[in-house]
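# Structural overview for review
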Amino acid sequence: MLRWLLLALCVAALAALPLIGDEVMIQYGIDALLFATVAQAWNILGGYTGYASFGNSAFYGLGTYGTAIAMAQLHLPFGVGLALGAALAVACAVIIGLPILRLRGHYFAIATLGLSACLSAIIANLDIAGRAVGLILPLTRNAAMFYEDALALLVAATLTVFWISKSRFGVGLIAIREDEDAARVMGVNTTLYKVAALMLSAFFTAIAGGIHAYWITFIDPAGAFDLTLNVRMVIMAVFGGPGTVLGPVIGSFVLTLVYDTLASGISTAAALLFGLVIVLAVIFMPRGLWDLGAGWRQFGPRYLLQNVRMHRL
Amino acid sequence: MLFAQLLVNGILLGGLYGLMALGMALVWGVLNIVNLAHGALIMLGGYCTYFLFKGAGIDPFAALPLAMLAMFAVGYLLQRFVLNLVIRSAQLNTLLITFGLEVVLTYLAQLAFSADFRTINPSYAGANISVFGVTIPLVRLGAFAAALVLAAALWILLERTRLGRAIRATAQNLVAARLYGVNPAQLYAVTFGIGAALAGAAGGLYGMVSQVTPYIGASLTAKSFVITIMGGLENPFGIVLGGLVIGIAEALAAIYLGPTFTDAISFGLLVVILVLRPARSLGAA
Amino acid sequence: MSEEAPAPILEARHLTRHFLGLKAVNDVSFALAQGEILGLIGPNGAGKTTLINLVSGVLQLDEGELLFSGERIDRLSPPRRAYLGISRTFQVMKPFPRLSVLENVTVGALFGYAGGEHNRARARERAREVLDFTGLLHRVDQHADQLGGPDRKRLELAKALAMRPKVLLLDEVMAGLTLTEVDEVVEIIKKIRASGVSILVVEHVMRAIRSLSDRILVLHHGEAIAEGLPQTVLADPRVVEAYLGKRRA
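This structure is a prediction, so every number in the text was calculated from the model and none was measured. (Residues numbered from 1 in each chain as written. Chains lettered and ligands numbered in written order. Predicted model: local features only at pLDDT ≥ 70, side-chain atom pairs only at ≥ 80, totals over all residues.)

## Comments concerning the interface of chain C and chain A
At the interface, 23 residues of chain C touch 15 residues of chain A. Of all the elements in the fold, those that place two or more residues in the side of chain C that touches chain A are α2 (78–84) and α3 (101–111) of chain C. Here the residues of the side of chain C that touches chain A sort into 13 nonpolar, five polar and five charged. (Contact = placed C-beta atoms within 7 Å. Helix = DSSP H or I, 4+ residues; strand = E, 2+ residues; numbered from the N terminus. Nonpolar A, V, L, I, M, F, W, Y, C, P; charged D, E, K, R; others polar.)

Okay, structure coming up:
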């Protein structure tokens, strides 16, 4: 009960930010919230189901372009744009998901990467998408609106993950992650569940892309299907704690904060330190911050060494 | 005639692509590490060769062995003291740590070498030979030849030397190899070092046919991925074949479909191949 | 005087499966009657696990038919067969490593026969019952990958049992157990049969096979070389020869 109260307070505090913060803070906030959503969406497929996608940028890009085409070319309202982007992403998840989800491990990761790059290249050749030049969406100066929208999206995504963690569906996903063949013979309809996880992941990622598109107003294939987005979302989710409800959110907030603080100094050093943080994190806390919290409480600093001992050659 | 020229261009470039992927395939096949920093190693090899050429006046082709030695050392140390620490972790974690290394190496290079474009321009850089009306730049021909030589050398190493046998044994069964006296930490580090050395050579050659900047790593890693998947992990020549396929596909696509389609082609091919035959191996076919 | 025999719950007709040109299972037919325990024995490499894989759907048939309660199931996926009531254990045990023993068995309760239990709390209750029945209740919260060999075997059994199977396929659940442990597991299996489950038991431990089986089927090089009552089959010279090899004259 206390936990829920605490969380509600956090959400309320976050929601109040636009009232007290300046323009810059709100912009950082939107970025952080959208990233957290994308990390959370990845968490459904990568953290719970164990299918580490390196191509969720495909869904982000589809959400971006769906919204942009709806608003810039078809002059439809924002909500319809978001819906279109989400629909495209979910459709893609179903059509491409079925064959791709038959792959495992590295192969799955690379196939998703290839998918994203391929979609990006295809879009760059479509007239309605503005080809490689991109599209310009209608301008609106209401940063607070984007902020609240992004916050609402993050809450929705997190509530979905919470539901997953408590549901039979979630148990099925975890079983798939732990041992897919055993899960199958025990009656888990792995094909259906994997595609469902992919669809949920695609949905939230696409809407984040759509909000981002309207906010920054100008989009192009390189930015919308940015491949580095994938590694960043994976790192945020894994750094925070894959397969947990709040891990990816916390990991995402922490890393965004770290990165932005460092970047306000020298940008090269920031990137360098960021890379170093990742390397150290994988060595000493491979199961993320969430597990670090639990582990530290139980073992103290020895937790870090335990991880090394468990995973070294 | 245009078609023949394109074909030759594609083949020459493809050989280099194959060499690029060779190091990644070796590490993937033996250590089960998908090295996202592979492109950064290529980049470092390029810089190494560049400075040997510019600073010490050594002919780039002659500088390659030195660059390879340097990159071997870098790779050995990386594996021995960083990657060996996480090797029994989930596959995802090795992907992430190599990504982190990629970022670190890229920005270290930016700090050390600046973002300027560097090209390795030996005196014979512009020379061509003409065969049946097809123009073949000497440097590209040399790069192609070097790539084939190194692929063959790798094959010989793996098939005909004690070290190669130890590497192959470890790839198949670490526990059994240990029982036969293989020191895994050492062997893994040596294997990664060889992969880095091959990447370094590819980088030096790349610097002769294109430019070196700190940022070339990412796309070269991606390209090496595609080629490794296509060529399979069985056989160095499968990788070279994969490289040739990509090289030719790119050259043809660039003209007939437009330059914006090359990425779509190679990644589209990748997805199709993965879905149709996940463990496809051109070398074993 | 023979009465009309009820239809077998599981029927296999001319099952054949190739691997790399060899016939791992070659024209094997058998029937498992409702409430029966059929023992499946044969030397290593005889095709017993392949047969289990074919029945549970992990491998596809090359030839032959498989019927469950009279319906063809050879095109159904493993989850679908689990839904119908077919459960199996794995010889090389496959626990969900990072989940607790209770969570492992709960998966079975949530997904087995007829889609299992949809309520997680009730599924957990059932899981506890099954763990109690198989003697693992004291390990309820331990991580599955921390269990020792015999306990892992029991966990396999518990997971399969939680699915409320109609047909249970046991693949060497007694390998590596002491005599006392074997007798315990035999008792458990007899109780399972008493609750109405039909069982196909693959075993090397003859003591258990003799004690459990109503009938025995013997495989050798993928073919069924003998089938019948335990006393008859185990005394059959071909069976003895398969296990011990040809006697030199």
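On we go.
## Some thoughts on the interface of chain A and chain B
For an interface, size is often stated in terms of accessible area lost upon the parts coming together. Facing 38 residues of chain A, the contacting portion of chain B comprises 39 residues. It is helix α5 (residues 105–123) of chain A that contributes the most residues to the side of chain A that touches chain B, twelve residues altogether. Looking at side-chain class alone, the side of chain A that touches chain B contains 30 nonpolar, seven polar and one charged residues.

## Focus on helix α5 (residues 138–160) of chain B
Turn by turn, an α-helix covers 3.6 residues, leaving residues three or four places apart pointing in a common direction. For α5 of chain B, with 23 residues, the first-to-last C-alpha span of 32 Å sits near the 33 Å given by 1.5 Å per residue. Of the surrounding secondary structure, the elements contacted by the buried residues of α5 of chain B are α1 (2–31), α3 (60–81), β2 (134–137), α6 (162–172), α8 (184–209) and α10 (236–256) of chain B. (Expected span 1.5 Å × (residues − 1).)

## Comments concerning the domain arrangement of chain A
Residues and elements named next belong to chain A. Looking at the assigned domains, one finds that chain A contains domain 1 (26–251) and domain 2 (265–313). A separation of 26 Å is found between the C-alpha centroids of domain 1 and domain 2. Taken together, the contact pairs eleven residues of domain 1 with seven residues of domain 2. Residue assignment for the side of domain 1 that touches domain 2 shows that the elements contributing at least two residues are α11 (228–240) and α12 (247–263). When residues of the side of domain 1 that touches domain 2 are assigned to their parent elements, the largest contribution, four residues, is made by α11. Its residues assigned to classes, the side of domain 1 that touches domain 2 shows six nonpolar, five polar and no charged. (Domains from an automatic or database assignment.)

## Considerations on the sheet that holds strand β6 (residues 86–88) of chain C
Backbone hydrogen bonds are what pair the strands of a sheet, in a parallel or an antiparallel way. All names here are of chain C. If you trace the six strands from one edge of the open sheet to the other, you get β6-β7-β8-β3-β9-β10, paired in mixed fashion. Each end of this open sheet is capped by a strand with a single partner; those strands are β6 and β10 (223–228). Geometrically, the sheet is characterised by an average inter-axis angle of 15° between neighbouring strands, direction not taken into account. Alignment of β6 against strand β7 (residues 167–171), held across three bridges, turns out to be parallel. Bridging across to β7, R88 finds its partner in L169. (Pairing = 2+ DSSP bridges. Axes fitted to C-alpha atoms, helices over the stretch in contact; angles between N-to-C directions.)

## Digging into unusual backbone geometry
The residue F132 of chain B is not glycine, and still its phi comes out positive at about 50°. Position of F132 of chain B among the secondary structure elements: in the loop between β1 (128–131) and β2. Residue A114 of chain C is not a glycine yet carries a positive backbone phi of 55°. Mapping A114 of chain C onto the fold places it in the loop between α3 and α4 (120–133). By C-beta crowding, A114 of chain C is classed as exposed, having 12 other C-beta atoms within 10 Å. (Buried ≥ 20, exposed ≤ 12 C-beta atoms within 10 Å, placed from the backbone.)

## Brief notes about the packing of helix α7 (residues 168–178) of chain A against helix α9 (residues 190–216) of chain A
All names here are of chain A. Where α7 meets α9, the closest approach of the two axes is 10 Å, and the angle between their N-to-C directions is 105°. Comparing their axes, α9 and α7 come out roughly perpendicular. Residues F169, G172, L173 and I176 of α7 pack against T190, Y193, K194 and A197 of α9. Looking at the contact of α7 with α9 residue by residue, the classes come out as five nonpolar, two polar and one charged. (Parallel < 35°, antiparallel > 145°, perpendicular 65-115°, else oblique.)

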